[in-house]
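Reading the structure
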Amino acid sequence: MGIIKKFEVTMFGLSKFVSRGLTTSLRRYISVGESIPQTNLTVIEKVNGKFEKATINSGSLFKNQKVVIVGYPGCYTPTCETLHLPQYIQRAEDLRKNGISKIYAVAVNDPFVTMAFAERLGAEDKISFIADGNGDFTKKLNMETDLSAGGLGVRSKLSLIHI
């Protein structure tokens, strides 16, 4: 089971996280020391040259690993596509040098859209994606935000979790 070591809701992104050595201040929502909520996740990763999806329980997915989970509002949203997620792809090696074994990007999107988005970004083996279709994982983390006024419905807040 993954234990949260660091958490923040961010508008600043990766550079703040890396530059402070994985120790930036915490915000409210979930707390350091809490376990990642148990739920089944749809994980999308590049396997044998193509993106594939698999259903994996969060307890086994994050067990005994040092990972970063990046929450973002949605696939193909302008800022997530051009700024937020590309910086994690570009700096994946920097995070690995800091001891991070895996980077997961999670949004409230279906697996088919998420798979196409991962391919469009050129994520390759640099980051993996979690398609949180119904928002169950996002809600269990208390990270949902209602963007219905903009026609997006309930989505994930921009966030960063270090397990």
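Bear in mind the structure is a predicted one, so any value in this text is a computation, not a measurement. (Residues numbered from 1 in each chain as written. Predicted model: local features only at pLDDT ≥ 70, side-chain atom pairs only at ≥ 80, totals over all residues. Heavy atoms only, no water.)

**What to know about helix H3 (residues 78-90)**
Over its 13 residues, H3 runs 18 Å from end to end, which matches the ideal 18 Å to within 8%, given 1.5 Å per residue. Taken as a whole, H3 carries its principal kink of about 30 degrees at His84; the proline Pro86 stands between one and four residues after it. Listed as buried for H3 are Cys80, Glu81, His84, Leu85, Pro86, Gln87, Tyr88 and Ile89. (Helix = DSSP H or I, 4+ residues; strand = E, 2+ residues; numbered from the N terminus. Expected span 1.5 Å × (residues − 1). Bend = angle between axes of the 7 residues up to and from the residue. Buried < 20%, exposed > 50% of the residue type's maximum accessible area, 1.4 Å probe, protein only.)

**Looking at the packing of aromatic side chains**
In this structure the tally under the stated criterion is 5 aromatic pairs. Ring geometry for Phe62 versus Tyr104: centroids 5.5 Å apart, planes at 85 degrees, classification edge-to-face. Within this pair, whereas Phe62 is found in the loop between helix H2 (58-61) and strand E4 (67-71), its partner Tyr104 is found in strand E5 (residues 102-107), the two being separated by 42 residues in sequence. Of the two residues, Phe62 and Tyr104, neither departs from the other in class, the shared state being buried. Between Phe62 and Phe137, the ring centres sit 6.4 Å apart and the planes meet at 25 degrees, which makes this aromatic pair stacked. (Phe/Tyr/Trp six-rings, centres within 6.5 Å; stacked < 30°, edge-to-face > 60°.)

**Observations regarding the nonpolar core**
Generally speaking, nonpolar side chains in soluble globular proteins are found buried as a group. Judged by nonpolar contacts, the single largest core of 26 residues is most densely connected at Val70, Tyr72, Leu85, Ile103, Phe117, Ile127 and Phe129. Contributing elements (two or more residues each) for this core: E4, H3, helix H4 (92-97), E5, helix H5 (111-121) and strand E6 (128-131). Leaving out residues up to four positions away in the same chain, Ile103 has contacts with Val68, Val70, Tyr88, Ala92, Leu95, Lys126, Ile127 and Ser128. Formed by 15 residues, the second largest nonpolar core is a distinct cluster that contains Ile36, Val43, Leu61 and Leu141. (Core = buried A, V, L, I, M, F, W, Y, C linked by side-chain atoms within 4.5 Å. Contact = heavy atoms within 4.5 Å.)

**Observations regarding the pairing of E6**
Residues Ser128 and Ile130 of E6 are buried on one face, and the alternating residues Phe129 and Ala131, pointing to the opposite face, are buried as well. The sheet contact formed by strand E2 (residues 40-47) and E6 spans 3 bridges and is antiparallel. Bridging from a neighbouring strand, Val43 pairs with Ile130 of E6. As paired strands, E5 and E6 are joined by 4 bridges and run parallel to one another. The residue of E6 that forms the bridge with Tyr104 is Ser128. As for the winding sense of the linkage, the β-α-β connection from E5 through H5 to E6 is right-handed. (Pairing = 2+ DSSP bridges. Right-handed = clockwise from strand over helix to strand, strands pointing away.)

**Structural notes on the pattern of salt bridges**
Applying the stated rule across the entire model yields 4 salt bridges. With its nearest N and O atoms 2.6 Å apart, the salt bridge here joins Arg91 to Asp94. Asp94 gets classed as partly exposed once you look at its relative accessible area, which sits at 27%. (Salt bridge = Lys/Arg side-chain N within 4 Å of Asp/Glu carboxyl O.)

**Description of the environment of Glu119**
Considering the arrangement of structural elements, one finds Glu119 in helix H5. Here the alpha-carbon distance between Glu119 and Glu45, two residues 74 residues apart in the chain, equals 9.9 Å.

**Topic: unusual backbone geometry**
A positive phi is found at Asn64, a non-glycine position, where the angle reads about 55 degrees. Examined against the element boundaries, Asn64 turns out to sit in the loop between H2 and E4. Its identity is not glycine, yet Tyr76 carries a phi of approximately 65 degrees, on the positive side. Mapping Tyr76 onto the fold places it in the loop between E4 and H3.

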